[in-house]
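# Structural characterization, general
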Amino acid sequence: MKNPTLRERRGGSMHRRNKTVVPLGMLRRFLAASIFSIVVTSFFFVHVHVSPSPTDHKFNDKIPSFRDPQSWTRELAPPHLSKAPLSVPKLKDSRKDSDYEKLWKPPSNHGFIPCTKPTPNYSTPGRSRGYLSVHTNGGLNQMRTGICDMVAIARIINATLVIPELDKKSFWHDTSIFSDIFDEEWFISSLANDIKIIKKLPKKLVNATKIVMQFRSWSGMDYYENEIAALWDNFNVIRASKSDSRLANNNLPPEIQKLRCRACYEALRFSPHIEKMGKILVERMKSFGPYIALHLRYEKDMLAFSGCTHELSTAEAEELRIIRENTTYWKRKYINPIEERSKGFCPLTPKEVGIFLTALGYPSKTPIYIAAGEIYGGESHMTDLQSRYPLLMSKEKLASIEELEPFSSHASQMAALDYIVSVESDVFVHSYPGNMAKAVEGHRRFLGSGRTISPDRKALVHLFDKLANGSMTEGRTLSNKIIDLHKKRLGFFRKRKGPVSGTKGLDRFRSEETFYANPLPGCLCRTESLNINASHFSV
């Protein structure tokens, strides 16, 4: 480019004098600011996907809509943490529908309320004759009811109860101690007027001669007052090697039955950190409206123990058989799975539960909390239930990894969280009447809360087989049959069932309805305003 001439330079000077002068530096700053503004605006409007690191990851996705069912194993954001608007239709409005009466309404309590306070004649603990130490056995709920029995037994034999040792060797291999699961201080103080409880055996008695024995199952007052109490003449410490089912269901003094309920429903509450997390899970489930808690007993230990292999592969059935044979304290080794299922002794499969709930009338938008450990076979066995009820929730889906970390390696603590959510649910359904199902049913009946549905497995299997062979299809006919079968299986208040007619010996006691599944009579009293005979209630 050639240099400007003098005339041009002078002309330029004259022109600048006639117009506003714009400094070159200011122009550069203006251009830089404009470019920066464009970049910032682009940052907010352009979607950038960044893959989080494993340590930053908390939740994989939002709660699914019903048109977009998620994998059973997929972790979902808790309702209060999901930043995306929930597309899940809530069920709270269903309370205004006629369906609420049919699906959600709790059974009437017929005037029965909890009554666990001792009578005026009840005395404070008598002089302790020795120490009762206890080794509990089984999973959480088996240990829990066993501990309550031991409280009553300690009262009967005038013993000081040492805080029980929890089972660490069963299938679950949980290392939790009593205070990890239960509020130890509360347990001791709340039962102070019933028995004396200490945390540890006195040092002077640690090496003392003690008798270790397994108390006779389903024993009454005579056994403990005579045979067991007589042991104090020779021993300062009696150690119970097992705690489950050591006390009779029926024919015990009313004060002992009330004590069992005080222990179970008032004294034996979970430790504060479990209670807190349990309440959080309940609140998150209730954010969807009324919900079902489903105790889906389709876990490896249950299937191996029961020998039930319906809808399992040959390899899965063989794995379960090996587990059963190698578990020494399981007495039954050879089991015919077809016969067990036909008799109604097998847990319902996830697929069968889906058919069952659909037939009862629960819509696909129903929130369901899966109260269970790891489902055997994982996603492969949950597909059908997931397709019917996309909003399947669990501890792992409602809470973050960080929230569950303190509990995740302890099976009993995880089971305690399921227990809390199940007791608080609007409807509780179980696939098998094991220890958890019975304990939750009894607690809900004691509190008078919600509907508890107990599937008639024997009758259901007959109907499911008809569906499988094509002689029946899902629809109104099946629905009517299943609804009719379960009209009296909704957790009504009724008198506890005694032994099955014709049974003898231990089978007679085994056939009785468990005290902790139905604490009436014993812990529930009718209000004076209603004159209703308990024997007239629905069964």
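Each remark here, short or long, concerns the structure printed above.
Residues numbered from 1 in each chain as written. Predicted model: local features only at pLDDT ≥ 70, side-chain atom pairs only at ≥ 80, totals over all residues. Heavy atoms only, no water.

## Some remarks on the pattern of salt bridges
Close approach of charged atoms allows side chains with opposite charge to pair. Here is the rule we go by: In the sections that follow, a salt bridge refers to a side-chain nitrogen of Lys or Arg positioned within 4 Å of a carboxyl oxygen of Asp or Glu. Note on exposure labels: buried denotes an accessible area under 20% of the residue type's maximum, exposed denotes more than 50%, and partly exposed covers the range between, all computed with a 1.4 Å probe on protein chains only.
With the rule as written, the count across this model stands at 26 salt bridges. With its nearest N and O atoms 3.1 Å apart, the salt bridge here joins lysine 105 to glutamate 101. Among the residues examined, lysine 105 registers a relative accessible area of 39% and is labelled partly exposed. Between arginine 246 and aspartate 244 there is a salt bridge, and its shortest N-O distance comes to 3.2 Å. For aspartate 244, a relative accessible area of 15% puts it in the buried group.

## Considering the pairing of strand β3 (residues 159-162)
To keep it simple, the criterion reads: Helix and strand definitions here come from DSSP, where helices need a minimum of 4 consecutive H or I residues and strands a minimum of 2 consecutive E residues; each element is numbered from the N-terminal end. Here, the term right-handed applies to a crossover whose path from the first strand over the helix to the second runs clockwise when the strands point away from the viewer. For two strands to be treated as a pair, DSSP must find at least two bridges joining them.
Residues Ala159 and Leu161 line one face of β3 and the alternating positions Thr160 and Val162 line the opposite face, and both faces are buried. For the handedness criterion, the β-α-β arrangement of strand β2 (residues 130-134), helix α4 (residues 140-156) and β3 is classed as right-handed. Across two bridges, the pairing between β3 and strand β4 (residues 197-198) is parallel. What sits directly across from valine 162, in β4, is isoleucine 198.

## Considering the state of the cysteines
Here, the word disulfide means a covalent bond between the sulfur atoms of two cysteines. This is how the line gets drawn: The criterion for a disulfide is a pair of cysteine sulfur atoms lying within 2.5 Å.
Scanning the entire structure with this criterion turns up three disulfides. One disulfide in the model links cysteine 115 with cysteine 525; its S-S distance is 1.7 Å. Judged by the torsion about the S-S bond (75°), the cysteine 115/cysteine 525 disulfide is right-handed. On the criterion of sequence distance, the pair formed by cysteine 115 in the loop between β1 (112-114) and β2 and cysteine 525 in strand β12 (residues 524-526) is long-range, its members being 410 residues apart. The disulfide partner of cysteine 261 is cysteine 523, and the S-S distance across this bridge is 1.7 Å.

## A look at the side chain of histidine 381
Cut-off, in case you're wondering: Whether two residues touch is decided by their heavy atoms; if any such pair falls within 4.5 Å, the residues are in contact.
Relative to the helices and strands, histidine 381 resides in helix α15 (residues 379-388). With relative accessibility at 14%, the residue histidine 381 sits in the buried group. Beyond its immediate stretch of four places on either side in the chain, histidine 381 contacts Tyr298, Glu311, Leu312, Glu316, Pro350 and Tyr376.

## Some words on unusual backbone geometry
Each neighbour pair has its own omega, and for leucine 520 with proline 521 the value is 5°, a cis peptide bond. Structurally, proline 521 is set in the loop between α22 (505-510) and β12. We note that tryptophan 218 has phi near 50°; this positive angle belongs to a residue other than glycine. The residue tryptophan 218 is located in the loop between β5 (210-213) and α8 (221-228) in this model. Of note, serine 245 is a non-glycine position whose phi angle comes to about 55°, a positive value. Looking at where serine 245 falls in the secondary structure, it is placed in the loop between β6 (237-240) and α9 (254-267).

## A look at the sheet that holds strand β11 (residues 451-453)
Adjacent strands of a sheet pair through backbone hydrogen bonds, lying either parallel or antiparallel. Reading across from one edge, β9-β8-β7-β10-β11 is the order of the five strands in this open sheet, with parallel pairing throughout. Edge strands, defined here as strands with exactly one partner in the open sheet, are β9 (392-393) and β11. Across three bridges, the pairing between strand β7 (residues 292-295) and strand β8 (residues 368-370) is parallel. Each bridged residue has a counterpart across the sheet, and for leucine 294 the counterpart in β8 is isoleucine 370.

## Some details on empty space enclosed by the protein
Cut-off, in case you're wondering: Using protein atoms alone on a 1 Å grid, points that fit a 1.4 Å probe yet trap it form a cavity, whereas open point sets bounded by protein on both sides within 12 Å along at least five of seven lines form a pocket; residues with an atom within 4 Å of a point count as lining. Grid points are joined across faces, edges and corners, and a volume is the space filled by probe spheres set on the points. Residues are grouped as follows: nonpolar covers Ala, Val, Leu, Ile, Met, Phe, Trp, Tyr, Cys and Pro; charged covers Asp, Glu, Lys and Arg; every other residue, Gly included, is treated as polar.
Summed over the entire model, instances satisfying the criterion amount to three cavities of 30 Å³ or more. What the largest cavity holds in volume is close to 90 Å³. In terms of lining, the largest cavity is formed by 13 residues, of which the most central are His310, Arg341, Cys346, Pro347 and Thr349. Per-class residue counts for the lining of the largest cavity are eight nonpolar, three polar and two charged. By volume, the second largest cavity is sized at about 80 Å³. Pro106, Pro107, Glu441, Arg444, Arg445, Gly448, Ser449, Gly450, Thr452, Gly491 and Phe493 together form the lining of the second largest cavity. Examining the composition of the lining of the second largest cavity, we find that three residues originate from one element, helix α19 (residues 435-447), more than from any other. Looking at the lining of the second largest cavity, its residues break down into three nonpolar, five polar and three charged.

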